[in-house]
Amino acid sequence: MILLVEDNPRDEALTLRALSTNIKDTEIVVVRDGAEALDFLFGTGAHTGRDVTNTPKVILLDLKLPKIDGLEVLRRMRLDPRSARLPVVIFTSSSEDEDVISSYSLGANSYVRKPVDFEQFLEATRQLGLYWLEINQTAPPVASK
Amino acid sequence: MKNTTDTLKAGEEKLRLIIEESPNALLMVDDRGRITFVNQQAEKLFGYPRAELLGETVERLVPGRFSRKHADYRADFFHHASARPMGAGREVFGLRKDGSEVPIEIGLNPIKTDEGSFVIASIIDITERKRIEQVARESEEQLHAVLESLSEGLVISDLEGQAIHWNRAGLQMHGFSSMDECLVRLPDFQDIFELSTLEGEALDLEQWPLARVIAGEALVDYEVNVRRLDREWNRVFSYGGAIVQEPNGRALAFLTITDITERQQAEKKLRRSREQLAGVIGSAMDAIISVDEQERIVLFNNAAERMFLFPAEDAIGQPLNRFIPERSRAAPHQLVEGCGETHTNERSTGALDARCGLRADGEEFPLEGSTSQIDSEGLKLSTFILRDISERQRAEEAHREQTRILDLAPILIRDLAGRIIFWNAGAEQMFGWMAEEALDKISHTLLRTQFPRPLEEIKARVLAHGHWEGELVHFRKNGERVVVACRWVLHRDKQGKPKAILAVNNDVTEHRRMEQAERSSELRYRRLFESAKDGILILDGDTGHIVDVNPYLIQVLGFSKEEFLGKELWQLGFFEDIDASKLAFTELKAKGYIRYENLPLKTRNGFVMRVEFVSNSYMAGASRVIQCNIRDITERTLAEEKIHRLNEELEERIAERTAELRTANKELEAFSYSVSHDLRAPLRHINGFSQALLEDYEDKLDEAGKGYLREVRGASQEMAQLIDDVLQLARVTRSEMLREEVDLSDLALSVTTDLKQSNGRQKVIVKIEEGLVTRGDKRLLRCVLTNLLGNAWKFTSKRDNPEILFGSEQKNGEVFYFVRDNGAGFDMAYVKKLFGAFQRLHTAGEFEGTGIGLATVQRIINRHGGRVWAEGSVNAGATFCFTLPGSKETEGKTK
């Protein structure tokens, strides 16, 4: 499962298009703000009752998000043992040094700037999918209390 | 019956044994004087076996001289028989067989039996007792003799105070001729003596020595003054005494008396002489200091206190060195040692003459003195007698000075006729004539004297009043004019007749000249004072009263001169703060100088002027003067205030601008951030969806439509690039600079490597000078090189032999770096456009680009404090140059 945290519907559409081009048989869950992302991960709010042991293999996290921004989502994830070891790829328009530094400081696993050119965009998502879904080995899920 | 007899017999036997063993000799004698019984002791006592005595008359045992009487006594005894001792009151002797006599005591007991009357004599040998009594008698006599021969007096009294015995010395000491006079009771002695303490205080009876002994005191060395009431007799006695128990249990008071009158007087004398000595030392004019062998002071008299300004009580125990200047400390030490060896009593020390003393206040002074050494009770004392001769030296010096001065002062004496009879060295020096030349000459002829009034008139005045003073003009031997202040004194002989005139001359030529000079100098200063464009006040330095004021100050302040004079500064009212002025005057007096840069002064009509006030205190001749210079600085102050105000405004404005700028920067930052995010997203969407359209509707679009969509995508990419470049430009301006050492050669190499990789053109020749090291922000300088080398790369792309050179040169002592290429170049006419943002000299068709790169380069170089410029011509390549402060000169080689 891939968790895509993305508020812009166009970006969402393009990302899903790019992912579906390259990745088969993998569920892609989309949440549209930071709060929902956390709800999904911890089984709260609209996602109450979800089996939280079913964790995404990678989370694509935008930085500019309504309600709770991407860096804050990352910070809270890293504080909770259930999500502390989940791979998080920051997937954003920004290439500001400050954003890159903050992301890695908070424990992001990767930082990818969305290319404007769609072919490059496709290539980026292809490589992401290949790496995080097939090459990378994730930490075993934490048993729920 | 038999039993009774046995019992009797046994009793008799017992009795016999008792008698036989009795320690006393026992005899039984019948009424006829015959001895009927003798016991063992009697045999022993008289030396007869009993057989020889039994039946003999008892007179056999009596010495011949008593035997007749004894027979009578015996017969008498039997007539009046009673138990009694024999020979009461007399000494009784027995006669031994060997003819010797033995002293005995005899007890007699009459017995009457059936056989008649008997007497039992119990006899004790008292030889030993007699001997002891004799010894006791003898020792008592000896004791008596000893007491009598004692030089100490002795009085024995019973505890009731009754005198029992006086020895001879005691009698003599107290002026008694016989014991009868003085065997009286203690209170009766009060009729004879009066006792008092050594201090003369009368003693009550209970304080009398004997009374105190009787009271139980053990008396030792109780010194008492004893006076006899009946005659002129006065002694000092020292009493001792105690109660003594006699063997017979009687307690007696013993009083011993020593006459210490002479000792007492000697001591008094000694004390008096000591006091006298102390008085002499204390009142001596010379300092007297004694030191022990360790040179510790043991005596320090009043004069020493005054001389060294050091209290005696503190000086005692101090080392002598304390009072000697450091440089001459070794000397007195040697002096003391030397005396110690010779054991002399007194030794004058001329060597001390040149010595110095050191007062407690640090002053050194010359002293002379002598030292002596005394061995007193095993203690070696050195005594220094010192005299402060600084006064004397001063006096001597003064005297010498006087003599010298006297010789300097030109003195001449002439008789009443005017002939010179005395001419001293001073006169020789003043007038140039030697004594032998001057003597006997008429003085005013010799000296060509010009008198202020006729000589006869002056002479008459001297004769009348005894002296005359005035100024005379003389001429020296060499013709020089000399003005002298002159005092003539009339000299009379013993009869009082005028004899000569003594003239003391004082050269005042120079003085007169000086006075003249002073007058002209005074005038010059006066002019200065009066014409000065500064206010000047002259104050009396002691009273603070104004003694002079210059016209300028009068004019400026508007007070008249009369209003100034005689007043104190603050009385004038132009000093606004009067208390501060008084304080300032005190400060001025203390420091001699005071300065106020900006003092408000009120003029008479109330206008406040700002002045610079400088005040000096100095001595003008013998009097202290305070000069105050007052400069009007109103104009200057106003100008200064204006500048100050302007500066303040400027600072305020700068502060405002800075704040605005800061806000603007912040806004720009926020703006940049949103640009980077929000402008790019739509571009991405345009691009993405265009591509989606191309893919999903490929079959529905003809080639023209597909071409348009490709243009849309290209445009969006271009815009994205533009945005990135603009953002970098902005970032270059606002990002913080981090200056460090940067190797530009390394940086250029790294950038070139990147360019080669991303462009794939391998045939470009790039030459980089080695070792170009400077200081700057590494990230920004990399941006510079990326842009410049990137441009060169780009504009040489159409060359067959593209060549790029990065190096450095020096011009006017300044190092600059350059990137040179052999590319398309540019027209120097447009060189000014080169560094403007969005300015391009080529079409996008010729060379791609946003026109922001060089603008970025310029900003970075400017931020480093350097300059950037370009040279080139169309199709002949371009050179971009820049300087960086902090660059080192290098002898780099091009790679």
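Residues numbered from 1 in each chain as written. Chains lettered and ligands numbered in written order. Predicted model: local features only at pLDDT ≥ 70, side-chain atom pairs only at ≥ 80, totals over all residues. Heavy atoms only, no water.

1. So, unusual backbone geometry
Residues and elements named next belong to chain B.
No. 1: For Leu 309, which is not glycine, the phi torsion reads 55 degrees and is therefore positive.
No. 2: Positioned with a positive phi, Asn 812 is a non-glycine residue whose angle comes to about 50 degrees.
No. 3: With respect to the element layout, Asn 812 can be found in the loop between strand E32 (803–811) and strand E33 (814–821).
No. 4: Look at Asn 812 and you get exposed, because its relative accessible area is 79%. (Helix = DSSP H or I, 4+ residues; strand = E, 2+ residues; numbered from the N terminus. Buried < 20%, exposed > 50% of the residue type's maximum accessible area, 1.4 Å probe, protein only.)

2. Comments concerning the pattern of salt bridges
Side chains that carry opposite charge are capable of pairing whenever their charged atoms lie near each other.
No. 1: Evaluation of the coordinates by the stated rule reveals 55 salt bridges over all chains.
No. 2: Here Glu 695 of chain B and Arg 17 of chain A are joined by a salt bridge, their closest N and O atoms 2.9 Å apart. Of the two residues, Glu 695 of chain B is situated in helix H21 (residues 634–696) and Arg 17 of chain A in helix H1 (residues 9–22); the pairing between them involves two chains.
No. 3: Between Arg 131 of chain B and Glu 128 of chain B there is a salt bridge, with the nearest N and O atoms lying 2.7 Å from each other. Residue Arg 131 of chain B and its partner Glu 128 of chain B are located together in helix H5 (residues 127–149), separated by 3 residues, close to a single helical turn.
No. 4: Of the residues examined, Arg 131 of chain B reaches a relative accessible area of 47% and is grouped as partly exposed. (Salt bridge = Lys/Arg side-chain N within 4 Å of Asp/Glu carboxyl O.)

3. Points about the sheet that holds strand E30 (residues 765–768) of chain B
Residues and elements named next belong to chain B.
No. 1: Here 5 strands make up an open sheet; going across it, the order is E30-E32-E33-E35-E34 and the pairing mixed. Since the sheet does not close on itself, it has two edges, and those belong to E30 and strand E34 (868–872), each with one partner. Between one strand axis and the next, the sheet turns by 20 degrees as a mean value, whatever way the strands run.
No. 2: As paired elements, E30 and E32 share 4 bridges and run parallel to each other. By the bridge assignment for E32, Lys 767 is matched with Leu 805.
No. 3: Contacting E30, E32 and E33, helix H23 (residues 744–759) runs over the sheet at an angle of about 165 degrees to E30. (Pairing = 2+ DSSP bridges. Axes fitted to C-alpha atoms, helices over the stretch in contact; angles between N-to-C directions. Contact = heavy atoms within 4.5 Å.)

4. Considering the side chain of Asp 292 of chain B
Residues and elements named next belong to chain B.
No. 1: The topology assignment puts Asp 292 in the loop between strand E13 (287–291) and strand E14 (297–300).
No. 2: Notably, Asp 292 is buried but unbridged: the nearest opposite-charge side chain belongs to Arg 296, and the N-O separation is 6.0 Å.
No. 3: A distance of 2.8 Å separates the side chain of Asp 292 from the backbone nitrogen of Arg 296, its partner in a polar contact.
No. 4: With near-sequence residues (within four places) excluded, Asp 292 lies in contact with Val 298, Lys 380 and Leu 381. (Lys, Arg positive; Asp, Glu negative; His and termini not counted. Polar contact = N/O pair within 3.5 Å; in protein donor to acceptor, adjacent residues only side chain to side chain.)

5. Section: the interface of chain A and chain B
No. 1: Each partner contributes to the interface: chain A provides 23 residues, whereas chain B provides 23 residues.
No. 2: Taken as a group, Arg 17, Glu 96 and Val 116 of chain A account for 30% of the area that chain A buries against chain B, more than any other trio of residues on that side.
No. 3: Along the contact surface separating chain A from chain B lie 10 residue pairs in polar contact (both at pLDDT 80 or more).
No. 4: Every element with two or more residues in the side of chain A that touches chain B is listed here: H1, helix H4 (97–105) and helix H5 (118–135) of chain A.
No. 5: Looking at the side of chain A that touches chain B, its residues break down into 7 nonpolar, 5 polar and 11 charged. (Buried area = accessible area lost by both parts, 1.4 Å probe. Nonpolar A, V, L, I, M, F, W, Y, C, P; charged D, E, K, R; others polar.)

6. Describing the sheet that holds strand E23 (residues 498–507) of chain B
All names here are of chain B.
No. 1: As summarised here, the arrangement of the 5 strands in space is E20-E19-E23-E22-E21, forming an open sheet in which the pairing is antiparallel. Two strands close off the open sheet at either side, each with one partner strand: strand E20 (420–423) and strand E21 (467–475). Going from strand to strand, the sheet's axes swing by 25 degrees on average, the running direction of each strand aside.
No. 2: Two elements, E21 and strand E22 (residues 481–492), share 9 bridges in a ladder whose sense is antiparallel. Within E22, the position partnered with His 467 by the bridge is Val 489.
No. 3: Against the sheet, helix H17 (residues 509–531) touches E21, E22 and E23, its axis set at about 130 degrees to E22.

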